[in-house]
Amino acid sequence: MDLNDETVLGAVLTSFADTPDPRLKAILETITRHIHAAVRELRLTNREWEQAIEFLTAVGHKTDETRQEFVLLSDVLGISMLVETINGGELGTESTVLGPFHMVDSPLRNLGDSIDLIGTGTPCVITGSVADLDGSPLGGATIDVWQCDENGFYDVQQPDSQPAGNGRGFFHTDEHGEFWFRTVVPSHYPIPTDGPVGALLAATARHPYRPAHIHVIADAAGHEPLTTHMFVANGPYVDSDAVFAVRSSLVTDFTEVTAPAEAERFGVTTPFRRARFDIRLRRAVT
């Protein structure tokens, strides 16, 4: 009873004392301490706290089966990338954010298939490999890829003009750990700005753009799964990604190829782009 700004934090922390899960208890205590400290430092007004609640409520209302506004908020605040950095290892291919558009299962495809179901944009051939840290190939590893089209939109953003599964594919590496598929060169694009996260960017005079990239999740038995990107080198916004996800080791050359024989070899037209992305996975901790 009669709690004040000096004693209310202690009362809340005491209320967590019997939490059975020690990790949950630690998380709740730490987050509560930091929120109380921020409120005290800023001397938040009642209206400012109401606005914060209204903002988070709007984020929830904007979230649905094809739009994850909370992930978007986490991304633009750099929290998604912070979590990746804390949990990433020093060895192997670097990880980066999942992003808000991994909302549906990628179609199972054969090596060499095209994930471009529309037939527009600059043709592109992606080759690569999955291996352990010693370089031993990981046959049968899974590669889940998804990307926007040449105009910067994902299939879930344009269900009336893009068929479901466009720009998505789920592959297995061959016995040598190799994979390849055909696609189009992705574009840079703005993250969705028609919701509360977009309003936040506008209020802080920040641009909403992400550099061109292809998302990749690689996994193999006995190894840590990896969520990462292939970033298109020399494109706009590589040095100012709205979600802070670019790592220099993931910036990949998409080299133009004009040789007809190479185009025939891969079943594409000239000119096309070719990129290679070799992935190294860490062993799972047992």
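Just above, that's the structure.
Residues numbered from 1 in each chain as written. Predicted model: local features only at pLDDT ≥ 70, side-chain atom pairs only at ≥ 80, totals over all residues. Heavy atoms only, no water.

**Some thoughts on the packing of helix H4 (residues 69-76) against helix H6 (residues 196-203)**
Next up, step 1: Put simply, H4 and H6 touch, their axes get as near as 9 Å, and they point 25° apart. Classified by the interaxial angle, the pair formed by H4 and H6 is roughly parallel. Between H4 and H6, the contacting residues are Glu69, Leu72, Leu73 and Val76 on the first element and Pro196, Val197, Gly198, Leu200 and Leu201 on the second.
Next up, step 2: Here the residues of the contact of H4 with H6 sort into 7 nonpolar, 1 polar and 1 charged. (Axes fitted to C-alpha atoms, helices over the stretch in contact; angles between N-to-C directions. Helix = DSSP H or I, 4+ residues; strand = E, 2+ residues; numbered from the N terminus. Parallel < 35°, antiparallel > 145°, perpendicular 65-115°, else oblique. Contact = heavy atoms within 4.5 Å. Nonpolar A, V, L, I, M, F, W, Y, C, P; charged D, E, K, R; others polar.)

**Some thoughts on the environment of threonine 93**
Next up, step 1: Checked against the element boundaries, threonine 93 lands in the loop between helix H5 (79-87) and strand E1 (123-132).
Next up, step 2: Residue threonine 93 is classed as buried on the basis of its relative accessible area, which comes to 16%.
Next up, step 3: Remark: the alpha-carbon pair of threonine 93 and arginine 282, spanning 189 residues in sequence, is separated by 8.6 Å.
Next up, step 4: Non-local contacts of threonine 93, meaning those with residues more than four positions away in its chain, are made with Leu226, Thr228, Leu250, Phe277, Asp278, Ile279 and Arg280.
Next up, step 5: Here arginine 280 takes part through its backbone nitrogen, which lies 2.8 Å from a polar atom of the side chain of threonine 93. (Buried < 20%, exposed > 50% of the residue type's maximum accessible area, 1.4 Å probe, protein only. Polar contact = N/O pair within 3.5 Å; in protein donor to acceptor, adjacent residues only side chain to side chain.)

**Looking at the pattern of salt bridges**
Oppositely charged side chains are able to pair whenever their charged atoms sit close together.
Next up, step 1: This structure, assessed with the given rule, holds 14 salt bridges.
Next up, step 2: Glutamate 69 is paired through a salt bridge with arginine 67; the nearest N and O atoms lie 2.8 Å apart. With respect to burial, glutamate 69 and arginine 67 carry one shared label: buried.
Next up, step 3: A salt bridge links arginine 274 to glutamate 262; its shortest N-O distance comes to 3.5 Å. Taken together, the residues arginine 274 in strand E11 (residues 272-281) and glutamate 262 in helix H7 (residues 260-266) connect sequence positions 12 residues apart.
Next up, step 4: Note on glutamate 262: relative accessible area 24%, which makes it partly exposed. (Salt bridge = Lys/Arg side-chain N within 4 Å of Asp/Glu carboxyl O.)

**Things to note about the pairing of E11**
Next up, step 1: Bridge count for E1 against E11 is 9 bridges, and the pairing is parallel. Bridge pairing links cysteine 124 to arginine 273 in E11.
Next up, step 2: Judged from the 3 bridges that link them, strand E10 (residues 255-257) and E11 form a sheet pairing that is antiparallel. Across the sheet, valine 257 pairs through a bridge with phenylalanine 272, a residue of E11. (Pairing = 2+ DSSP bridges.)

**A few points about the environment of arginine 182**
Next up, step 1: As for its placement among the helices and strands, arginine 182 is situated in strand E4 (residues 178-184).
Next up, step 2: Taking the C-alpha atoms as reference points, arginine 182 and valine 145, separated by 37 residues in sequence, lie 11 Å from one another.
Next up, step 3: When near neighbours in sequence (up to four residues on either side) are disregarded, arginine 182 contacts Gly112, Asp113, Ser114, Ile115, Asp116, Cys124, Val125, Phe266, Gly267 and Val268.
Next up, step 4: A polar contact of 2.8 Å, which involves the side chain of arginine 182, links it to the backbone oxygen of glycine 112.

**Quick look at the nonpolar core**
Next up, step 1: Ranked by size, the top nonpolar core spans 38 residues in total, and within it Ile126, Ile143 and Ile279 carry the most contacts.
Next up, step 2: Those elements that place two or more of their residues in this core are H4, E1, strand E2 (142-146), E4, H6, strand E7 (213-219), strand E8 (226-232) and E11.
Next up, step 3: In contact with isoleucine 126, other than residues within four places in its own chain, are Phe179, Trp180, Phe181, Thr183, Ile214, Met230, Phe254 and Ala275.
Next up, step 4: In terms of nonpolar packing, the next biggest core, distinct from the first, is built from 7 residues, Phe101, Tyr154, Val156 and Ile217 among them. (Core = buried A, V, L, I, M, F, W, Y, C linked by side-chain atoms within 4.5 Å.)

**Things to note about the sheet that holds E10**
Next up, step 1: Ordered in space as E4-E1-E11-E10, the 4 strands form an open sheet in which the pairing is mixed. Looking at the sheet topology across the chains shown, the edges are occupied by E4 and E10. For this sheet, the mean angle separating the axes of adjacent strands, direction not counted, is 30°.
Next up, step 2: Note that E1 and E4 share 7 bridges and pair antiparallel. Bridging across to E4, valine 125 finds its partner in arginine 182.

**Observations concerning a nonpolar patch on the surface**
Next up, step 1: Taken together, the side chains of Ile27, Ile31, Ile35, Val39, Trp49 and Ile53 present a nonpolar region at the surface, about 500 Å² in accessible area.
Next up, step 2: Elements supplying a minimum of two residues to the nonpolar patch: helix H2 (22-42) and helix H3 (46-62).
Next up, step 3: Mapped onto the secondary structure, isoleucine 53 falls in helix H3. (Patch = residues over 30% accessible without salt bridge, like charges linked within 9 Å, V, L, I, M, F, W, Y side chains within 5 Å. Areas by Shrake-Rupley, 256 points an atom, 1.4 Å probe, with all protein chains shown as cover.)

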